[in-house]
Structures are given as C-alpha cells and as structure tokens.
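# Observations on the three-dimensional arrangement
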Amino acid sequence: MKKLINKPEDVVKEELEGIVLAHSDLVKVHFDPNFIVRADAPIKGKVGVISGGGSGHEPMHGGFVGMGMLDAACPGAVFTSPTPDQMLEATKAVDGGAGVLHIVKNYTGDIMNFEMAADLARGEGIEVESVVIDDDVAVKDSLYTAGRRGVGATVLAEKICGAAAEQRRSLKEVADLCRKVNGWGRSMGMALTSCTVPHVGKPTFDLPEDEMEIGIGIHGEPGRKRMKIKTADEIVEMLMEPIITDIPYKAGDQVLIFVNSMGGTPLIELYILYRKAHEIATQHGLKVVRHLIGPYITSLEMAGTSITMLKMDDELIKLWDAPVLTPGLRWGA
Amino acid sequence: MKKLINKPEDVVKEELEGIVLAHSDLVKVHFDPNFIVRADAPIKGKVGVISGGGSGHEPMHGGFVGMGMLDAACPGAVFTSPTPDQMLEATKAVDGGAGVLHIVKNYTGDIMNFEMAADLARGEGIEVESVVIDDDVAVKDSLYTAGRRGVGATVLAEKICGAAAEQRRSLKEVADLCRKVNGWGRSMGMALTSCTVPHVGKPTFDLPEDEMEIGIGIHGEPGRKRMKIKTADEIVEMLMEPIITDIPYKAGDQVLIFVNSMGGTPLIELYILYRKAHEIATQHGLKVVRHLIGPYITSLEMAGTSITMLKMDDELIKLWDAPVLTPGLRWGA
Amino acid sequence: MITRDKVLDWITRYAEILAEKRDYLTQLDAAIGDADHGANMDRGFQAVMKKMPEIRDKDIGTIFKTVGMTLLSTVGGAGGPLYSTIFLQAGMKTTGKLEMTLQDWVDAIEAGINGVKMRGKAELGDKTMIDALVPALNALKQAAENGTSLNDALERSARAAEEGMLATTPLVARKGRASYLGERSAGHQDPGATSSFLLLRTAAEQWKES
Amino acid sequence: MITRDKVLDWITRYAEILAEKRDYLTQLDAAIGDADHGANMDRGFQAVMKKMPEIRDKDIGTIFKTVGMTLLSTVGGAGGPLYSTIFLQAGMKTTGKLEMTLQDWVDAIEAGINGVKMRGKAELGDKTMIDALVPALNALKQAAENGTSLNDALERSARAAEEGMLATTPLVARKGRASYLGERSAGHQDPGATSSFLLLRTAAEQWKES
Ligand SMILES: Nc1ncnc2c1ncn2[C@@H]1O[C@H](COP(=O)(O)OP(=O)(O)O)[C@@H](O)[C@H]1O
Ligand SMILES: Nc1ncnc2c1ncn2[C@@H]1O[C@H](COP(=O)(O)OP(=O)(O)O)[C@@H](O)[C@H]1O
Ligand SMILES: [Mg+2]
Ligand SMILES: [Mg+2]
Ligand SMILES: [Mg+2]
Ligand SMILES: [Mg+2]
C-alpha cells in the first residue's frame, strides 16, 4: 500500500490533529466523539448546518466547516458513517436556538446513525430537521432498494444552505432549500483505478490497465458496469447523458457544472472534462452560469471523476456567490 | 495509460479550452503562441509579473493568473519549458509601462528560453527583470552543475510578488522581493509513484510497491535516491531536516510551511504530513505563522509530496495575506 | 440454563472470532460493499471488551444494553446501529436476569431481530443479515415449541443461520450498499449475514451443556 | 559540393529519422531526464517540414535560419534553444550560398557548435550533446586540413560523434536535467548527444558523393 500515513488506525486522528494545527483560526476539533466545529459556534439565532460521513472524502465534510457553509462536521472511520453520539454532540455544539439541519447522504448507515442522533437531540429539546441527499443517477431509485446514493450535490447543498443560514433564514426555509438543491441536482461518477482503504492495505477492487468502472460511488465500491477505457470526451458523454435526461433539464435552464476529481485525477484532466461537459450542456440549450472544478468529494486516492449538474435560479446563484470562508472552499472573504 | 484525456498531443490545447470556458471572467487565453493573461491586462503603471514552464504542474502557473498574483503564464508542452515567442508575446501583453518581471524556475531549458525572450522584449523597448528560483535542497548547488531546481518556492514567490505589484511597487522592488523569497525559501520532495507523460504512455520510472524516491523534482525525474517506503512521520523528517539545516532557519524565525501534493496524494494524507512538519518546525523553535496545504505545484498524477518552508517577516506576511483572486488561489476577494 | 458467565464467554469469544475473521469479513464487504465490515465489527467488539470489567457482575439485561450502547458509539456504518439494536432490544427483555432459559433467549433474540427489521426495513431475500437471523430465529422457536434440548436448539439455529448466510450468495441485493451494484451483487456472500451467522454459531458453542 | 537540394534532403531525412527514433530518444530521456526529448525534437522538425515549400528555392543561409527560428518556437526545453542556435549560427555563415564546400560546412557547423557552447556553457565530458558535437567538429576540421574527400570527412565526423555519444554513458552529468541525478546519471546514454549524432550521421549519408 502506497500512502503517506503512519498506522492505518491513526489516519483519522492524525488528520484531525493536522487540521487543528492548520485551521484553528476557523475551526475547533473535538476528539471522541470526533467532530469539527466552527470556532465561533454556537451562533445565537442562526440555524446550525451540520453534516458528516465516513472519512476519505476530504475536503468533504470537515473542510467545509466555517463561515457561510457548515457549522460542524462529523468524520467517521474511513468510508464508515459516523456514530449517533458524534452527531448528537455536534448538534448540541452548534445549536444557537434556531434549530439544526442535518444534511445526510443517502446510505443505509448514514441514515440510521443520523436518525438516531436526531431522535436523541430532539429528546434534549433541540429542533432538528434532516434532509437526505440522493443525487446519483447511476443508481436506480426504487422503494424496494436503498435508493440513489448521495454524492456531488451534497457539496453544493452544504454551500447553499450554509449561505442561507448566514442570512438567518429559518430552519424550515434552510431545509426546504436543501430539498430544492437535492431535487435540482444530479450526478454520476466513474473510476480509472480503485482506492485502497488504509486498514485493508490493498485495492478494494482490481481494474485492469485498459478498463474503467462506470457508475461508482464515493466509497471505492465497484460501479454499475466495467468496460474498456474510452476517451475523455466519450466518458463525459456517458456521464452527462443520464444526468441531463434524468430530471430532465430543459433548454433555457441555467445550470452549475461541478467537475470533481475522485482524488487521484489531476486538475489538467478536469479542465479537459469540463470543456466537454460545458459543450454538451450548451448543445442541450442549457446556460452554464456557475462551475466548480477540483477535488471536493473524493474517494481517497482513486483516479476518476464525477460530474454534478445543478439547475440554478436567481436565489441559488445569489446563495452560491455569497461569501464562504472554510479550509476547503473560500471566496468573498 | 490511465488518464482522462483524448489525444495526447491535444492535452494542453484542450486544457486551455477548458480554462477559457471556466474562467473567462478572470483570464484570457491566447493560442499559438499559448499564454494565459489577466482579463484586465495590461494594467497601466503596474509591474507585470509573469512566469511559465512546462505543463503538468497545474494549477501552477496558469491557475495563478489573476488579481494579486500573475499577470500572465506561458504553458509549454507537458514537462517542456515554453518557447521564447510565448514569453515575448506574454511580456508584451502585460507591459503597462512599469516593466515586467520574469519568474524563472532554474532549469536549463527554462533559463535559455526565458533569456532569449527577455532579450527580444528588451529589444522592443520593454524593461524586463528575470529572477531565477532555485529552492530545491535535494540538489547540490554548484558552479559546475545546472544548480538547484526551482520548485515550491515558485508558488510563494508568485503570490508575494503579485501582491507587491498590485501595490504599484517598482520593477526593482518586486524583483528584489522575489530574490528575497528565493533566498528565504527551501524545498524538498519525494514520490511514492512515478507519473506518466501523455505522449509516452507509460510511467517515466518504475517504482516497486514497497519503494519510494526521495529528492525528486517536478518533472517525473527519478530522485536522488530510492529506498523502502517509510512512515509519514519518518518521511517528513527526511524532508524537513535538509530544509531546516540548509539556510539554516534559526530558533525564533517565523515561517510559512507549504505541504504540497504531487498530484495523486489526497488531502487526508497532506494533513498527516503537515501535522508532523509543524511539530518538527516547532521543536526547532520556529514559529509557524502561515501555511499552504494542497496540490499547487504538481507532477501530473504522481503520488508524493513536497514540503517548502519560507522564512517570513512582517512584510512577507502582509503580502501573503493580501487579496488574491485567481482560479487556483483565492482569498480576501 | 444460560448463565451470566456463559453470556460473557459468548461475547468474549465472539470478539476473538471477529478479530480472527476481520480480514475475511472485510474482503466479503470489498466485493459488494466498501471493505469495512470486518474492521467496524472488530473495532466495536474490542471496545466492548474494554467494558467487560464494569459489567462482569451485572445482570444479563445490563450486559446486553452496555454492549448495545458501546457498539452504537464505536461501529458506525450500517452494521453499527443494527448490531446495537439487537443487543439493546435483547437487553430490554432480560432486565434483572442472572440466567436465561431457552425461552428467555428466544424472546430476547426475537426482540433484537424485530428491532433490526424495523430499523433496516429489510425483507428476507434482500441479501442482508436478516437472511441469516430470521431463519435462525424460526429454527430456535420451532425447537423451543417441540421442547428440544438447549444444545439441540442452539445447534439448529446456528445451522439455519449458516444456510441463510450461504443462500445470500446468488441473491441480488436490494438493501444496503450492495444494492448499488444491481446484478453485479449476485455471486457474493453477504458480509453482515456472515457476521450474524458467526454470532449464533458462537452461542451454540459457548452455551453447550455437557 | 553540398548543394541546396542536398541540404534540404538532409533536413527532410533527419525529420524522418526523428519520427522513427522518437520513442527511443524519449526513453533515453526518461532514464536521466523528463522523457520529452524525442517528442520535442519530432514536434520541432515536423514544424520545419511544414516550412519546406517556402524555403525550397531559398539560399542555404535562409534555409538554416528558417529551420533555426522554427525550432526555437516549437521545440522548447533545453534542446530547443540549443538546436535552434546551431542552425541560426550556421545560417549566418552561409548567407546567400546555394552550395557549400567542405570548408563552408566546417565553418557553418563550427559557428553553430560555438553557439551551443555559449548558450549552454557545457564542457566536454558534462554528458551533453557537446560530447557528440565537439569531437565531430574536430574530426571534420582535421579531415579538411588533410584535404581528405568530402565523403571521408563526413564519415569521420559521424564516427567521432558516435564515439562521443557512446562515451557519455559512463559519465556523471554536470549539466542539464540529468545532473540532478548525480551519480545515478552514470550508466545511461545522453539523449541530446544521441540526437546530435543522428544529425551528423544523416549528413554523412545524404551528402555522400558517388
Ligand atoms: N437495511 C438493512 N437491513 C439489514 N441489514 C442491512 C441493511 N443494510 C445493510 N445491512 C447489513 O449491513 C452489512 C454491511 O455492514 P457495514 O459494512 O458495517 O456497513 P456499511 O455498508 O455502511 O459499510 C451488509 O452486509 C448487510 O448485511
Ligand atoms: N547546458 C547544456 N549544454 C548543452 N547541452 C545541454 C545542456 N543542457 C542539456 N543539454 C542537452 O539537452 C538534452 C535534453 O534535451 P530536452 O530533453 O529536449 O530538454 P529538457 O532537458 O529541458 O527536457 C540533454 O540530453 C543534453 O544533451
Ligand atoms: Mg462503510
Ligand atoms: Mg523537458
Ligand atoms: Mg461496509
Ligand atoms: Mg527532457
């Protein structure tokens, strides 16, 4: 296993120690239960926006804690959703009296752990709303399955809801906004290589030199299908087509395009992908009004990409442009 | 070769097309000769700060073009320094009458091409100063060799000189500042994997699963020595020791620590490295006043890291904190 | 009779087995999940072992509830809340008890399994731990009704759990992470069903009366 | 006599050879450099070939200068300015000429090699193209003084370049990217010396008089 780590079991702890040393101006880190919280939390009268999930997706979620985005984030073990006590403590730490929004990615483990945390928090008299993100069109949505995964739209929802909370909107308004983003956002991802979970020590799956996985999630799970590697343009077409036709987005719609690196794919390739994604969106009559390009929701060192498209209206554009000051996302401040 | 690209020979062109579509609010891209220039260039009375080098190091340099950093950047072919005509045209495009600073990384090719460009620009009546960055302590500095390579300190010099130019400092002042940063900055890097140059199609060197290269540059060259992989803490010690003892930095010095990903190493590992680098610096009595953590000067998809330390004084801190608004580095705006 | 000490032995032995089978369970999860089930369960039961000193002399209900709370705050993922639920619910049914009859155990584990059904909403055949737990429970109840011996009843439930576990292999997952693979999930044994089988197999071994 | 057409043939043939040897040169550069020398030289001479129509009927000086300017704006790296210098300097010496005597060629290539020395400041033995070029030049001058035939002189210079190229293998690089490897650069043939040898070998073949 080729990683710059010490003991696999210390990866998350030592990462958090690094975050403390780097970002104490922005965040505080609480250890067991582990959570990262805004240095100035709780903020009286402001809705607290928190999220969490397994580690290995950095900068999501911990890197998005700060002014204009998350009030707290709970990192679980690598690819393992955090436990209810983490979410409960984080919820208490950010409650400024206006209630707390839990942004939950749609995974059985996350759902169950966050549900329990929400129940416990309500038990302690904190108003909690939970919104589940499930934007991954690679997975069929159905009552009889775990449903679609929550992927790239989570990052966009955290930015937009965080901005709304800064405006002192009510818990209900911020939660409705989160549902709106989830309803208007769609994603799909692919992998050129697997990733190696530190405590496992070898790749989760083997991928021959000339093959790729289409429709992967963010936990190194194999995707929907495996096929021979195609060109960047062909791959972007394979990702964009199911996204555009899912909602569907209509000619004239304004959209944000988010081209994400799974961790090991460098920026030079992301621009090549964005170029094609922008071209396809434009051919469909969509107006690309905003973009996000980089490694924001990763799967350890996996080489690959995911594309997320979010339909935008003036409200979302304003909230997207609002100042944000976090270790992982920053502008206007 | 596992890359999200189309034809290898189109990589740089298509990357630039992606940059046009993503960042036309910040930069303009000129094709053959290729260069990226601030949308508002030339700025009357402001020193133009430009740099360039082979592609494959993204976001450096093109991602650093914008307010508070570079006025223009010239991307060569992957790992190949740009040609004099690119630098000449970029120099003309940014000259606002106050002269132009060329920030040159110390590689034979870069030196020769930039020298020719500077001569040509002077021939056209533009005042040009060139400052060579050579901060890589992995390479011995000597009159009889090509000397030390220019690596991580280049990013810091571009930020700091860009801020100084925004303050309308003179060409001489900005150039002196660049020399000061080069004199106070030292770096060293290592690789866990090689990288694959697109037109070559296979890794530049083969590295067994249990070995690493210490003292690499940013062009996929093999390093000074090869050895068995060590823990993150041991590796940081191996990089920090030669850095700290080179200048040497003295107890009480204020420093900026820059932990860089070579492209394939994810953020979670960088924080583990930063944690140890910060600890070592502190043990030496150094005061870590600023940091930069992320993939800023990369070597395609190479897994590995480089650590750069820059001695800071109040002037450098002020210039570091000054607003910057580029695709790759942004704060205060 | 299943004494408190036998319950403690069972939990201790299961923790040992999870440590041994950690990589095996993780590999099963790597094939159709995210390669953490073994590590998660092992981490959780190592934490449980640390709690042992303080629960040694407590009643079975308290022991089960402590195990449940510990798993809840250390395992995470889907496995955490589900295994936690089994022990918390079983704990409710065994409050104050210092030993369990076969019927007590049937009632306890039934409550636990119903808790898993409610939390996870998985049906038999969804390729989850339910596929091991439900058949095991049915076998156990059958045996209890027929008045078969404790040893025999536990052995049958372990066998039923094993069959249920093996039967998950051809299934296409409809719940949990494996469901994302669709057809590709077929041909792999479910990790959670495997850890559940091991739990019941260990009970049969540890609680055998000679 | 080396006619203009022979000069054009030489450049054309060298472009073909670079296309053939592209990967070979790149592999040499991968071992001690950054794996781009083959691609750089090939890109440059493909660009030169595009210029051919407009220089066909020009004098040798103009041809050389056009080649030099084209290489300067298309090759990049260390190789670009250096090969560009060879042709630009040679062009100065051959302005207006429609054919070259052996002595003309000696003067032209000597100017070019001096240009490389000035730009790159490399000495013989630094493991660079200089190690192929300088011996070749000396052989050429020798031959010219001794009044040996053109064929013979060109053959000797190509041989000397080949020996110089092979002699770079054991050397520790002191200039260029390879110098960063220190001792590790020994045991590999220098890519630039190799492309320089090919340049002179091609001249010997193309300019042979029957
Ligand atoms: N809805 C569910 N109901 C019952 N069991 C489930 C459900 N979802 C998943 N499981 C069980 O959990 C196991 C995976 O556990 P684990 O790997 O620890 O969690 P995660 O899938 O979050 O990584 C699966 O093998 C399956 O047996
Ligand atoms: N200072 C120098 N003087 C002469 N030749 C040099 C010098 N530095 C490098 N070279 C030659 O250039 C060759 C490398 O060219 P190339 O790979 O195109 O450039 P780069 O090293 O910039 O990638 C080396 O093999 C060497 O022969
Ligand atoms: Mg998991
Ligand atoms: Mg090069
Ligand atoms: Mg799992
Ligand atoms: Mg080279």
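Quick look at the structure, then. (Residues numbered from 1 in each chain as written. Chains lettered and ligands numbered in written order. Predicted model: local features only at pLDDT ≥ 70, side-chain atom pairs only at ≥ 80, totals over all residues. Heavy atoms only, no water.)

### Structural notes on the interface of chain C and chain A
Test applied: Residue contacts are defined here by distance: any two heavy atoms, one from each residue, within 4.5 Å place the two residues in contact. In this description, buried area is defined as the sum, over both parts, of the accessible area (probe of 1.4 Å) that is lost when the two are combined. One speaks of a salt bridge when a side-chain nitrogen belonging to Lys or Arg is within 4 Å of a carboxyl oxygen belonging to Asp or Glu. Polar contacts, as used here, are pairs of N or O atoms within 3.5 Å; protein pairs need one atom able to donate a hydrogen and one able to accept it. Residues neighboring in sequence count only if both atoms are side-chain atoms. Strands here mean DSSP runs of E at least two residues long; helices mean DSSP runs of H or I at least four residues long; both are numbered from the N terminus. For this scheme, ten residues count as nonpolar: Ala, Val, Leu, Ile, Met, Phe, Trp, Tyr, Cys and Pro. Four count as charged, namely Asp, Glu, Lys and Arg, and the remainder, Gly too, count as polar.
Listed as interface residues are 33 residues of chain C and, on the opposing side, 37 residues of chain A. Of the roughly 2,700 Å² buried between chain C and chain A, counting both surfaces, carbon and sulfur atoms make up 54%. When the area that chain C buries against chain A is broken down by residue, the three leading residues are C:R119, C:Y180 and C:R184, summing to 28%. Across the contact surface, chain C and chain A share 3 salt bridges. Notably, a salt bridge pairs C:R177 with A:E221, separated by 3.1 Å at the nearest N-O pair. Taken together, the connections running from chain C to chain A amount to 13 residue pairs in polar contact (both at pLDDT 80 or more). Of all the elements in the fold, those that place two or more residues in the side of chain C that touches chain A are α1 (4–32), α2 (37–55), α3 (60–74), α4 (79–93) and α5 (102–120) of chain C. Take the side of chain C that touches chain A: its biggest share by element is 5 residues, from α1(C). For the side of chain C that touches chain A, a count of residues per class yields 11 nonpolar, 13 polar and 9 charged.

### A few points about the coordination of the magnesium ion (ligand 6)
All names here are of chain D. The condition is simple: Nitrogen, oxygen and sulfur within 2.8 Å of a metal are treated as its donors, or within 3.2 Å for sodium, potassium and calcium (Na, K, Ca); water is not counted, so a site can appear incomplete. Burial status follows relative accessibility: with a 1.4 Å probe on protein chains alone, a residue under 20% of its type maximum counts as buried, one over 50% as exposed, and anything between as partly exposed.
Protein coordination at the magnesium ion (ligand 6) comes from D29 (OD), D34 (OD) and D36 (OD), with a distance range of 2.0 to 2.1 Å. On the primary sequence, the residues serving as donors to the magnesium ion (ligand 6) are separated as D-x4-D-x1-D. Taken as a pair, the magnesium ion (ligand 6) and the magnesium ion (ligand 4) lie 3.5 Å from each other and share D34 as a ligand. On the basis of relative accessibility, which here comes to 8%, the residue D29 falls in the buried class.

### Focus: the site of ligand 2
The condition that has to hold: Whether a residue is near a molecule or strand is decided by its heavy atoms; if any one of them lies within 4 Å of it, the residue is near. For the accessible areas, the method is Shrake-Rupley and the probe is 1.4 Å, while residue cover comes only from the protein chains on display.
Around ligand 2 sit 21 residues, and of these D:D34, D:D36, D:G120, D:D190 and D:G192 come closest. Surrounding ligand 2 is a set of residues that belongs to chains B and D. In this structure, D:D34 approaches ligand 2 through a side-chain N or O atom, which is 2.9 Å from an oxygen atom. The separation between an oxygen atom of ligand 2 and a polar side-chain atom of D:D190 is 2.6 Å. In isolation ligand 2 has 570 Å² of accessible area, and contact with the protein removes 96% of it. Of all elements in the fold, only α2 (37–55), α4 (79–93) and α8 (191–206) of chain D reach the threshold of two or more residues within the shell around ligand 2. When residues in the shell around ligand 2 are grouped by element, the largest group, 3 residues, is from α8(D). Here the shell around ligand 2 is composed, by residue class, of 6 nonpolar, 9 polar and 6 charged.

### A look at the site of ligand 1
This is how the line gets drawn: The rule is simple: put a 1 Å grid over the protein atoms alone, call a set of points where a 1.4 Å probe fits but cannot get out a cavity, call an open set with protein on both sides within 12 Å along at least five of seven lines a pocket, and count a residue as lining if it has an atom within 4 Å of a point. Throughout, a molecule is located in a cavity or pocket provided that more than half of its atoms lie within 2 Å of its grid points.
Lining the immediate environment of ligand 1, one finds 21 residues, of which C:D34, C:D36, C:G120, C:D190 and C:G192 sit closest. Nearby residues place ligand 1 at the junction of chains A and C. C:D29 is positioned such that a nitrogen or oxygen atom in its side chain is 3.2 Å from an oxygen atom of ligand 1. Taking C:A78, its main chain carries an N or O atom lying 3.0 Å from an oxygen atom of ligand 1. In a pocket analysis with a 2 Å cut-off to the grid points, ligand 1 is assigned to the largest cavity. Of all the elements in the fold, those that place two or more residues in the shell around ligand 1 are α2, α4 and α8 (191–206) of chain C. Here the element with the most residues in the shell around ligand 1 is α8(C); it accounts for 3 residues. A class-by-class count of the residues in the shell around ligand 1 yields 6 nonpolar, 9 polar and 6 charged.

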